[in-house]
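This is what each chain is made of:
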Amino acid sequence: MDVGSTLYALRTQRGFSQRELARRCGVANGTISLIEANAINPSVGLLRQIVDALPMSLSDFFAFEQSEERKLFYRAQDLSEIGTNGISYRQIGSSLHGRALQILNEVYQPQTDTGPEPLQHEGEEGGVVVSGEIEVTVGEHTTILGPGDAFYFDSSRPHRFRNVGSQPCHLVTAATPPSF
């Protein structure tokens, strides 16, 4: 069963944001995001807490079937927010289960970054800067990219993104396979 997609479908069906559901069940909203992205598998106890906040029974949760076809087109308000800490990652598609590509509309607020530890994961990623400036480090190579500039690299290499400017930086990126 795709727990993440089911949770997303039930949460949005009820009109709850990730933050609202997290507040209702007493967990960090990042936890809801990770479960919906199938990045973590919740324990039965945690899943019960979340399902109680929907509210519904565990048996109804597991019996829920998504009848919706995969969407072809997405309005801005349909993109799923999966970012935190001054970085917005708005994902195209709610569930990437069975998908080979993850596309993100990203906005880095001034002086935000992906953290002190470089990211590393299987696959490739690339993107184009729409506005602002972003410092991109891949392995030992660092450069600052501006509007219209792009990057494309093997994401198993350590990498990091940092907004070095005084304005938000907007990028559109893609990664294979979906990584979060």
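Here's a quick rundown of the structure. (Residues numbered from 1 in each chain as written. Predicted model: local features only at pLDDT ≥ 70, side-chain atom pairs only at ≥ 80, totals over all residues. Heavy atoms only, no water.)

1. Details of the nonpolar core
One recurring pattern in soluble globular proteins: nonpolar side chains tend to sit buried together. Spelled out, the test is: Only buried residues count toward a nonpolar core. Its members are Ala, Val, Leu, Ile, Met, Phe, Trp, Tyr and Cys residues joined through side-chain atoms within 4.5 Å. Relative accessible area decides the class of each residue, using a 1.4 Å probe on protein chains only: under 20% of the type maximum gives buried, over 50% gives exposed, and in between gives partly exposed. Counting from the N terminus, the helices are the DSSP runs of H or I reaching at least four residues and the strands are the DSSP runs of E reaching at least two. In this description, contact between two residues means that some pair of their heavy atoms is separated by no more than 4.5 Å.
If you look at the biggest cluster of nonpolar residues, it comprises 19 residues, and the most contacted ones within it are Leu7, Leu21, Ile32, Ile50, Leu54 and Phe61. Counting only elements with at least two residues in this core, the list comes to helix H1 (3-13), helix H2 (18-25), helix H3 (29-36), helix H4 (44-53) and helix H5 (58-63). When residues of this core are assigned to their parent elements, the largest contribution, five residues, is made by H4. In this structure Leu21 touches Leu7, Arg11, Phe16, Ile32, Ile50, Ala53 and Leu54, once residues within four positions along its chain are discounted. Core analysis: the next-biggest nonpolar cluster, separate from the first, contains 15 residues, Tyr89, Tyr108, Ile134 and Cys169 among them.

2. What about the packing of H1 against H3?
Counted only if it meets this: Structural elements are reduced to axes, namely lines fitted to C-alpha atoms, with helices fitted over the stretch in contact, and the angle between N-to-C directions of any two is expressed from 0 to 180 degrees. What sets the label is the angle itself: under 35 degrees gives roughly parallel, over 145 gives roughly antiparallel, 65 to 115 gives roughly perpendicular, and the rest give oblique. Nonpolar residues are Ala, Val, Leu, Ile, Met, Phe, Trp, Tyr, Cys and Pro. Charged residues are Asp, Glu, Lys and Arg, and all others, Gly as well, are polar.
The contact between H1 and H3 brings their axes to 7 Å, and the two run at 120°. If you check the angle between H1 and H3, you find them oblique. For the pair formed by H1 and H3, the contact residues are Val3, Gly4, Ser5, Leu7, Tyr8 and Arg11 on the first element and Ile32, Ile35 and Glu36 on the second. Taken together, the residues of the contact of H1 with H3 sort by class into five nonpolar, two polar and two charged.

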